[in-house]
Amino acid sequence: MNKHVSPKMNRRAFVVGTAAVGAGLAIGLDLPFGGPAMVRAADGSPEVNAWVVVKPDDTVVIRIARSEMGQGSLTGLAQLVAEELECDWSKVTTEYPTPGQSVARKRAWGDFSTGGSRGIRSSQDYVRKGGATARVMLIEAAANEWKVPASECTVAKGVITHKASGKTTTYGKVAEAAAKLTPPADVKLKDPKDWTIAGKGLLRLDTAEKTNGKMIYGIDVKLPGMLNAAIKDCPVFGGKLKSYDEAKITGMKGVKKVVKVGDTAVAVVADTWWHAKTALEALPIVWDEGENAKVSSESIAKWLAEGLDDAQPAYVGNKNGDVKAAIAGAAKKLEAVYNYPYQNHATMEPMNATALYTADKCEVWCGTQNGEAVFAAVLEASGLSAEKCDMYKVMPGGGFGRRGQTDYVRQAVLIAKEMPGTPVKLLWSREEDMAHGRYHPITQCKMTGAFDANNNLVALHYRLSGQSILFSLRPEALQNGMDPAAFQGVAQSGEAAIGYSVPNLLVEHAMRNPHVPPGFWRGVNVNHNAIYMECFMDELAHAAGQDPLEFRRKLMGNHPKHLAVLNAVAEKIGWDKPAPQGIYRGIAQVMGYGSYVAGAAEISVTEGNKIKVHRIVASTDPGYVVNPAQVERQIAGSFVYGLSALFYGGCTVKDGKIEQTNFDTFNSMRINEMPKVESVMVPSGGFWGGVGEPTIGVAAPAVLNAYFAATGKRIRSVPLRDQNITFA
């Protein structure tokens, strides 16, 4: 029965009782776990707690607040709840609660945000407690019925047994009574070594509906009487809408209304999206592009290059010793400048949202990475109070960080407000989606390394110049003006710490923010920082006349977990053995999102510029592995993302506008270009790391280092298409 139930097109998907705000888990939230009065699901089945609904036929519905975007969080979180619940996995289904319901119940389901590879690691504790709490209550209900101590009862696959009397019952039969009990104040979670559902490579719960066509994506939503909208925003960020001539399209087929959206955009509403798009293209529009129309990739690059000058101000993210003195007194030094471009998320499904507005209610259906952020956007755009709004999460056709933003939701609500009582689906064109992304931040990096007379690395100066995502999207998270996220992968400590110890180290960021808005592009700052650090580490190793692996190992004595994954990948790739004839290897490591990862690539090069990536090996230590099969898929998928960015990615700016407006100019690698991927999991326990994004970071530097091994040429600027380097 394993499946995911798409949300019903009804804002009253659950009937919430007055006792919905009972005892909570100790995570700073008030999480309802039952109470004297009962909360029932829409079909009348009792809710044991916020996470678990048990139906009379023993079906277990597990609520999932995080978004499923292909990364497998829905299945992994369900595994964790089911593990503690001790239910029958074959009878598990899942569904999304809505942010409106959660807010009405004092954020019963906690954080809805899904990004930074946090889907499992940041919620594993309280969802496991949700499953364990429900198990205790169900067992207690059975024990009460039999008038025996609960401690004498056991459960397996949803069947409760009292061995002494031989009595058995099922979860479905006692759920009604369990839902009326007061939840325990504390529950003990299983040791991961005892897992029987979690930790296994179980099939995903969403695969069947994604392959048989039953899955509903945002682009598929249909409501009675629905109209469709197409939109154009000013092509220069920061520009405004000056005027448009509505009369030119009023007689066109299917057109219902032309709507000004904020100060920067205009939309056409029609009976079909194609009619809306066709009319919009015919609509004469005049833009006020402003001063940003003078900006180009060349002017941005020049500005960022100025930030590499040590005389310019910069924030210090990691420091020990005296770098400048050590470099000045060194026997030998090496300097290199690298750069990384804007990257578009380019999700397969463009941004879209369906909104239904009346004076008393506003509802939105869309794919999103953050249901609560969408809910807040609906409140803001509609002007209605929280109890009059809700949003229903449907499967997104790709997220990668882009659907953590809510610009498209605000637009949909503003358009729907002009047509009260009529549902309107706003769908961006591909060109609109490409031109109005929230791009991977553009950066440059100057690195200087210094050696003593014995070729020991004594100093490393890492100076980053470029954009801050937090400055643009979350300025409240800046620390005295500094963006701590800019140092992902090279930070002093935390979930993305540097893996090397150098006697004199300085890592700094000269913040420079062009007008093109940055965003959390999958892997985020780890991606460029890993290229800069790991390619330069290779440069340093060769300058010192040392093997790249051994050179790294000497600097990693104080970083055993970093070293463990590096050793694991080196062993798997066979680094200590000669590569086959014509094959060259590269290696890299980084820490990101709480996980330690390393990668090694084997490539061949023909004609000097055609690369065949034969094999990539990745090792990862995420602490715990909830679904090893899914981790393997995430590693393989991350390499698609990382290699596509390396070879084909990169957005350029001309006259203030993004030039790449479709897949003909922003390509992705094809199946025949994909290497063989091997993964090595070395979970060491004691912490929870992410798995979706970390390994993206080692894909590019491993290949770039292998390219140097093959050709003797260093590539310090990506994408490779701009270096006339292609897949073979």
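Residues numbered from 1 in each chain as written. Predicted model: local features only at pLDDT ≥ 70, side-chain atom pairs only at ≥ 80, totals over all residues. Heavy atoms only, no water.

Engineer: Describe in detail the overall build of the protein chain, supporting the description with residues and values.
Structural biologist: Along its length, the protein chain carries 17 helices and 31 strands. Relative to a compact globule of 728 residues, whose C-alpha radius of gyration would be 27 Å, the protein chain shows 27 Å and is just as compact. Per-residue burial for the protein chain yields a buried fraction of 60% across its 728 residues. For the protein chain, restricting intrachain contacts to residue pairs at least 6 apart in sequence, the fraction spanning at least 24 positions comes to 76%. In the form shown here, the protein chain has an accessible surface area of approximately 27,200 Å², with 52% of it arising from carbon and sulfur atoms. Of the side-chain charges in the protein chain, 80 are positive and 73 negative, and the distance between the mean point of each set is 2 Å. (Helix = DSSP H or I, 4+ residues; strand = E, 2+ residues; numbered from the N terminus. Rg over C-alpha atoms; globule rule 2.2 N^0.38 Å. Buried < 20%, exposed > 50% of the residue type's maximum accessible area, 1.4 Å probe, protein only. Contact = heavy atoms within 4.5 Å. Areas by Shrake-Rupley, 256 points an atom, 1.4 Å probe, with all protein chains shown as cover. Lys, Arg positive; Asp, Glu negative; His and termini not counted. Charge placed at Lys NZ, Arg CZ, Asp CG, Glu CD.)

Engineer: Could you give me a rundown of the packing of aromatic side chains, with the residues and numbers involved?
Structural biologist: Within this structure, the stated rule accounts for 14 aromatic pairs. Relative to Tyr439, the ring of Tyr342 lies with its centre 6.1 Å away and its plane at 70°, an arrangement referred to as edge-to-face. With Tyr342 in the loop between strand S17 (332–340) and strand S18 (352–358) and Tyr439 in the loop between helix H11 (430–435) and strand S22 (443–451), the pair connects residues that are 97 residues apart, well separated along the chain. Judged by centre distance (5.8 Å) and plane angle (55°), the ring pair of Tyr648 and Phe727 falls under tilted. Of this pair, Tyr648 sits in the loop between helix H16 (628–647) and strand S28 (653–654) while Phe727 sits in strand S31 (residues 726–727); the two residues are 79 residues apart in sequence, bridging distant segments of the chain. In terms of burial, Tyr648 and Phe727 fall into one category: buried. What links up through ring pairs into an aromatic cluster is the set Trp195, Tyr624 and Trp688. Here the basic side chain of Lys332 rests over the ring of Phe451, its NZ or CZ set 5.3 Å away from the ring centre. (Phe/Tyr/Trp six-rings, centres within 6.5 Å; stacked < 30°, edge-to-face > 60°. Lys NZ or Arg CZ within 6 Å of the ring centre and 35° of its normal.)

Engineer: Explain the domain arrangement of the protein chain to me, using residue names and the numbers behind them.
Structural biologist: Looking at the assigned domains, one finds that the protein chain contains domain 1 (31–210), domain 2 (218–290 + 351–427) and domain 3 (297–343 + 438–727). Relative to domain 3, the C-alpha centre of domain 2 lies at a distance of 38 Å. Note on domain 2 versus domain 3: buried area summed over both sides is about 950 Å², and carbon and sulfur give 62% of it. It is Phe237, Phe400 and Gln405 that lose the most area in domain 2 upon contact with domain 3, and together they represent 61% of the buried surface on that side. Linking domain 2 with domain 3 are two salt bridges, by the criterion used here. For Lys657, the salt bridge is made with Glu289, and the minimal N-O distance between the two is 3.3 Å. (Domains from an automatic or database assignment. Buried area = accessible area lost by both parts, 1.4 Å probe. Salt bridge = Lys/Arg side-chain N within 4 Å of Asp/Glu carboxyl O.)

Engineer: Give a description of the packing of helix H1 (residues 73–85) against helix H3 (residues 124–146) that names residues and reports values.
Structural biologist: Axis separation between H1 and H3 bottoms out at 7 Å; the angle between their running directions is 35°. Viewed along their axes, H1 and H3 form a crossing whose handedness is right-handed. In this structure, H1 uses Leu77, Leu80, Val81, Glu84 and Leu85 to contact H3, whose residues at the interface are Gln124, Val127, Arg128, Gly131, Ala132, Ala134, Arg135 and Leu138. Of the residues contributing to the contact of H1 with H3, the split by class is eight nonpolar, two polar and three charged. (Axes fitted to C-alpha atoms, helices over the stretch in contact; angles between N-to-C directions. Left-handed = near helix turned anticlockwise from the far one by under 90°. Nonpolar A, V, L, I, M, F, W, Y, C, P; charged D, E, K, R; others polar.)

Engineer: Describe the sheet that holds strand S14 (residues 265–270), naming the residues involved and giving the relevant values.
Structural biologist: Strand order in this open sheet of seven strands is S13-S14-S11-S21-S18-S19-S20, and the pairing throughout is mixed. Each edge of the open sheet is held by one strand with a lone partner, namely strand S13 (255–261) and strand S20 (389–393). Adjacent strand axes in the sheet meet at a mean angle of 20°, parallel and antiparallel pairs treated alike. Examined bridge by bridge, strand S11 (residues 227–233) and strand S21 (residues 424–427) share three bridges and lie parallel to one another. Looking at S21, one finds that Leu227 is bridged to Val424. Along the sheet, helix H6 (residues 273–282) makes contact with S11, S13, S14 and S21, crossing S11 at roughly 30°. (Pairing = 2+ DSSP bridges.)

Engineer: With reference to specific residues and values, describe the environment of Asp655.
Structural biologist: Position of Asp655 relative to the elements: it lies in the loop between S28 and strand S29 (657–658). Using a relative accessible area of 45% as the deciding quantity, one classes Asp655 as partly exposed. Taking the C-alpha atoms as reference points, Asp655 and Pro99, 556 residues apart in sequence, are found 40 Å from one another. With near-sequence residues (within four places) excluded, Asp655 lies in contact with Val236, Asn292, Ala293 and Val295.

Engineer: Talk me through the sheet that holds strand S16 (residues 315–320); I want residue IDs and the actual numbers.
Structural biologist: A sheet is described by the order of its strands in space; here five strands give the open sequence S16-S24-S23-S22-S17, paired in mixed fashion. Looking at which strands have only one partner, the edges of the open sheet turn out to be S16 and S17. Looking at each pair of strands side by side, their axes are set apart by 10° on average, direction ignored. By the bridge criterion, nine bridges tie S22 to strand S23 (residues 457–466) in an arrangement that is antiparallel. From the neighbouring strand, Cys445 faces S23, where its bridge partner is Leu464. Relative to S22, helix H7 (residues 297–306) is tilted by about 35°, and along the sheet it contacts S22 and S23. Contacting S17, S22 and S23, helix H13 (residues 525–543) crosses the sheet at an angle of about 150° to S17.

Engineer: Run through the environment of Ser73, naming residues and quoting values.
Structural biologist: When you line up the elements, Ser73 lands in helix H1. Residue classification places Ser73 among the buried residues on the basis of a relative accessible area of 7%. Counting along the chain gives 554 residues from Ser73 to Asn627, while the straight-line C-alpha distance between them is 9.7 Å.

Engineer: I'd love a proper account of the side chain of Asp58, names of residues and values included.
Structural biologist: The residue Asp58 is located in the loop between strand S5 (52–54) and strand S6 (60–63) in this model. Among buried charged residues, Asp58 stands out as having no salt bridge; its nearest opposite-charge side chain is Lys91, 4.0 Å away. With sequence-adjacent residues up to four places away left out, Asp58 is seen in contact with Lys91, Thr170, Tyr171, Gly172 and Lys173.

Engineer: Would you mind going over the pattern of salt bridges in detail, with residue names and values included?
Structural biologist: What the rule picks out here adds up to 43 salt bridges. Ionic pairing is found between Arg204 and Glu68, a salt bridge with its closest N-O pair at 2.9 Å. A residue pair is termed long-range when its members are at least 10 positions apart, and Arg204 in the loop between helix H4 (171–178) and helix H5 (207–212) and Glu68 in the loop between S6 and H1 qualify at 136 residues. Each member of the pair Arg204 and Glu68 is classed as buried. Across the salt bridge formed by Glu495 and Arg121, the nearest N and O atoms sit 2.9 Å from each other. Highlighted residues: Glu495 in the loop between helix H12 (469–473) and strand S24 (504–511) and Arg121 in the loop between helix H2 (99–104) and H3, separated in sequence by 374 residues. Residue classification places Glu495 among the partly exposed positions, given a relative accessible area of 37%.

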